[in-house]
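# Commentary on secondary and tertiary structure
This is what each chain is made of:
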Amino acid sequence: MKIMDSPGKRQTQQERFEKTRTLIYPDSAEASRGLAAEVSVLIRRRQAEGRGVVLGLATGSTPVPFYRELIRLHREEGLSFANVTTFNLDEYYGLDRHHRESYSQFMRDQLFDHIDIPAENINIPDGTVPLDRVYESCMAYESKIEASGGLDLQILGIGRTGHIGFNEPGSASDSLTRMITLDRVTRQDAAADFLGVHHVPRFAITMGVGTILKARRIVLMAWGENKAGIVREAVEGAVTDQISASFLQEHPNATFLIDQAAASRLTRRSLPWLVGSVEWDDAMTRRAVIWMAKKLGKPVLKLVDEDYNENGVGELLTAAGPAYQVNIRVFNRLQHTITGWPGGKPGAEDTHRPERALPHSKRVLILSPEPHDAFVGMGGTIERLIEQGHQVRLAIQTSGNLRVSDVAAHKFASVVREMAEIIGGQGWEGQSAYAGEILSQLAAKGEFGLESETVRRLKGLILRGEARDAAHVSGVAGEALQFVDLPFYEAGRYRRFSLTDQDRETMRAILDEYRPHQIYLTGDVADPSSLQFLCFRSVAETIAAGQAGDWFQDCRVWIYRPLEAHEIDMAVPMSPDQLAKKYDGIRKFQSIQADELESPERNRETAREYDGLGMAEYEGIEAFQRWLPA
Ligand code: GLP
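Residues numbered from 1 in each chain as written. Predicted model: local features only at pLDDT ≥ 70, side-chain atom pairs only at ≥ 80, totals over all residues. Heavy atoms only, no water.

## Here's the deal with the domain arrangement of the protein
- One can read the domain layout of the protein as domain 1 (18-268), domain 2 (277-336) and domain 3 (340-404 + 456-627).
- A C-alpha centroid distance of 32 Å is found between domain 2 and domain 3.
- Each partner contributes residues to the interface: domain 2 has 13 residues there, and domain 3 has 13 residues.
- For the pair domain 2 and domain 3, the summed buried surface comes to about 1100 Å²; carbon and sulfur atoms form 60% of the total.
- If you sort the residues of domain 2 by the area they bury against domain 3, Lys294, Leu334 and His336 come out on top, with a joint share of 44%.
- For the pair domain 2 and domain 3, the number of links is two salt bridges.
- Across the salt bridge formed by glutamate 609 and lysine 294, the nearest N and O atoms sit 2.5 Å from each other.
- Here domain 2 and domain 3 share five residue pairs in polar contact (both at pLDDT 80 or more) between them.
- Of all the elements in the fold, those that place two or more residues in the side of domain 2 that touches domain 3 are helix H10 (282-296) and helix H13 (323-337).
- Grouping the amino acids of the side of domain 2 that touches domain 3 by side-chain chemistry returns six nonpolar, two polar and five charged. (Domains from an automatic or database assignment. Contact = heavy atoms within 4.5 Å. Buried area = accessible area lost by both parts, 1.4 Å probe. Salt bridge = Lys/Arg side-chain N within 4 Å of Asp/Glu carboxyl O. Polar contact = N/O pair within 3.5 Å; in protein donor to acceptor, adjacent residues only side chain to side chain. Helix = DSSP H or I, 4+ residues; strand = E, 2+ residues; numbered from the N terminus. Nonpolar A, V, L, I, M, F, W, Y, C, P; charged D, E, K, R; others polar.)

## Examining the pattern of salt bridges
- Following the criterion strictly, the structure yields 42 salt bridges and no others.
- The closest approach of N and O atoms between arginine 72 and glutamate 69, which form a salt bridge, is 3.0 Å. With a gap of three residues between them, arginine 72 and glutamate 69 both fall in helix H2 (residues 64-77), about one helical turn apart.
- Given a relative accessible area of 28%, arginine 72 falls into the partly exposed group.
- A salt bridge links lysine 582 to glutamate 622; the nearest nitrogen and oxygen atoms lie 2.7 Å apart. On the criterion of sequence distance, the pair formed by lysine 582 in helix H21 (residues 576-586) and glutamate 622 in strand S17 (residues 620-627) is long-range, its members being 40 residues apart. Each member of the pair, lysine 582 together with glutamate 622, is buried.
- Among the charged side chains, a salt-bridge network with shared partners connects Arg100, Glu101, Asp109, Arg493 and Arg496. (Buried < 20%, exposed > 50% of the residue type's maximum accessible area, 1.4 Å probe, protein only.)

## Section: the confidence of the model for the protein
- The share of residues in the protein with pLDDT of 70 or more is 98%, and the mean pLDDT across the chain is 94.
- Predicted confidence for residues 1-9 stays below pLDDT 50, and this span has 35 contacts to residues more than four positions away or in other chains. (pLDDT = per-residue confidence, 0-100.)

## Brief notes about the packing of aromatic side chains
- Applying the stated rule across the entire model yields 17 aromatic pairs.
- Ring centres of tyrosine 92 and phenylalanine 194 lie 5.2 Å apart, and the angle between their planes is 90°; this geometry places the pair in the edge-to-face category. Within this pair, whereas tyrosine 92 is found in strand S4 (residues 90-92), its partner phenylalanine 194 is found in the loop between helix H5 (184-189) and strand S8 (203-206), the two being separated by 102 residues in sequence. Judged on exposure class, the residue tyrosine 92 and its partner phenylalanine 194 are both buried. (Phe/Tyr/Trp six-rings, centres within 6.5 Å; stacked < 30°, edge-to-face > 60°.)

## Overview of the site of the ligand
- Close to the ligand lie 13 residues; Ser61, Thr62, His163, Lys227 and Arg495 are nearest.
- Here histidine 163 contributes a side-chain N or O atom positioned 2.7 Å from an oxygen atom of the ligand.
- Between the ligand and glycine 165, the relevant distance is 3.2 Å, taken from a nitrogen atom to a main-chain nitrogen or oxygen of the residue.
- Alone, the ligand offers 380 Å² of accessible surface; in the complex the protein occludes 93% of this.
- The class makeup of the residues in the shell around the ligand is three nonpolar, seven polar and three charged. (Near = heavy atom within 4 Å. Areas by Shrake-Rupley, 256 points an atom, 1.4 Å probe, with all protein chains shown as cover.)

## Examining the pairing of strand S14 (residues 518-521)
- By the alternation rule, side chains of S14 split into Gln518 and Tyr520 and Ile519 and Leu521, which are all buried.
- Relative to S14, strand S11 (residues 363-368) runs parallel, the two sharing three bridges. In the strand pairing of S14, isoleucine 366 is matched with tyrosine 520.
- When S14 meets strand S15 (residues 556-560), the two strands line up parallel, connected through four bridges. Each bridged residue has a counterpart across the sheet, and for leucine 521 the counterpart in S15 is isoleucine 559.
- On the question of chirality, the crossover connecting S14 to the parallel S15 by way of helix H20 (residues 531-544) is right-handed. (Pairing = 2+ DSSP bridges. Right-handed = clockwise from strand over helix to strand, strands pointing away.)

## Description of helix H16 (residues 429-445)
- Spanning 17 residues, H16 covers 24 Å between terminal C-alpha atoms, matching the ideal 24 Å at 1.5 Å per step.
- Within H16, burial applies to Ala435, Ile438, Leu439, Leu442 and Lys445. The buried residues of H16 occupy an angular sector of 140° when the element is viewed end-on, so they sit on one face. Opposite the packed face of H16, turned more than 90 degrees from it, sit the exposed residues Glu429, Ala443 and Ala444.
- Each element contacted by the buried residues of H16 is listed here: helix H15 (406-423) and helix H17 (453-474).
- Glycine 446, located one to two residues past H16, shows a positive phi value of around 70°. (Expected span 1.5 Å × (residues − 1). Arc of directions from axis to C-beta.)

Take a look at the structure:
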């Protein structure tokens, strides 16, 4: 499929809600390869004509696979960047070009150091110009873009506020390169990179929306479910300065390049019956009926024929109606998802239960990408599984040590040092020296320096302690709690991790040794560069490739993550006490920023959703989806 040089707007029936051309790819790797191939065609064509190419580049995790592919084309297929000039979108204000989180450093690490682009062809806004010269320097950036002939192609990602570059809500469509104050959400999203939100700069210099719209061609990439909502608003919603990406609707040659997860909220994916004829299998029926019930604020059993007709679902009645018959089917199915027996109910008929009664008890393997994930996602269910006699093993895949603040490490090291001083004497020299080493390394690295292995280890131990406390609340004790510390995490940083064979091997060994009857996982639709997605892949790839042992024949895999009612295959209800207890457990993670930990509202919301559809009213629900290898 050609990405470049394609007409900006072209509509099929399916795409009729989309106001910017949108191409959906199976995954980010394939989409990135497609874009890189087109860019390489452009570069070579211009080379043949003796002309240059001007590219507008973006940072963030989104374009990383695209940059990797450009590097591969350079190394393996001789693609030269000698005739390429680049202009980056933005830079944090106050960070010099060698700061590890500066976009300048990012671009060198991810692209420029690996290709033959002449240094003088690289342009990135300067985050260090004194305040009184910012305006001048921004205008110079604009002039330089113009003098180079203008942008042939602008690459974009999208922030959760819908921003492109750093054009936060309120940016006008004709805004130019300028200094901007970063939105709270944007700073929150960068918190993991900066080891805490208070370290994230408050200002940035960014090309304006107007600067971007002047590019002859624009490609915005987005991956993962986190982007699905904002992609839908930008592509299908009104053009508004509250979502700067929506201005691409007014550009004659702009394309959204997205993966399946980022496409999941587009009308053609989420409400396909509104854009064409669909096959009314059980999943589609459930999806449409639940959507309609929620839209009308009616419980499922009160929907009538007219509701179906008036909401574009009339076709379903011709296939399977009348309404009360479809309603009852969906109602029963929803009801059958509810179970207080997540490991199966021994001695009970299980035809309509989410999980088999036998074997009892089951070996249950729960995987938590970071120490807190499983407790947040399924803390109540963990407790149930243990109470109901299953052999639960909770494997924490990564140490999570990058999330622990320096303050926490400082506190622990100081306590050790003071103990050594107070208790004093022999036998404490080792501890005292260790504490001294930590404290001096913390001081030497400053706020943003890279942690030494020793500091990361201590931070990991702090989180282990918190994880043990949280596990204790749900009844997971001793050997049942396993710290895997996957190597990819220890060697990397947020948004730049990459999975290795060693990680897959480690997970495979755990599966084969434990031979679980149930596996609980998360991360299947997360951003492909996220730690959660890599942890998911470290297990799912082995299973999907048929490389799991024969034990897998008797194993079910359950995904835990925020799910909508129509996606839920198992709903485990919680009483007010159970929900309160779960959150006691989560609060043990004191060294993780509170806003990284989800609030009990998520479980309450699912319960309210079920209640609204006509199910029993619970305080909270933890939701699961069955996962089958493709
Ligand atoms: C920052 C950058 C944007 C980028 C966004 C999303 O705000 N200024 O250019 O699109 O982050 O980042 P990611 O691709 O990591 O999701």
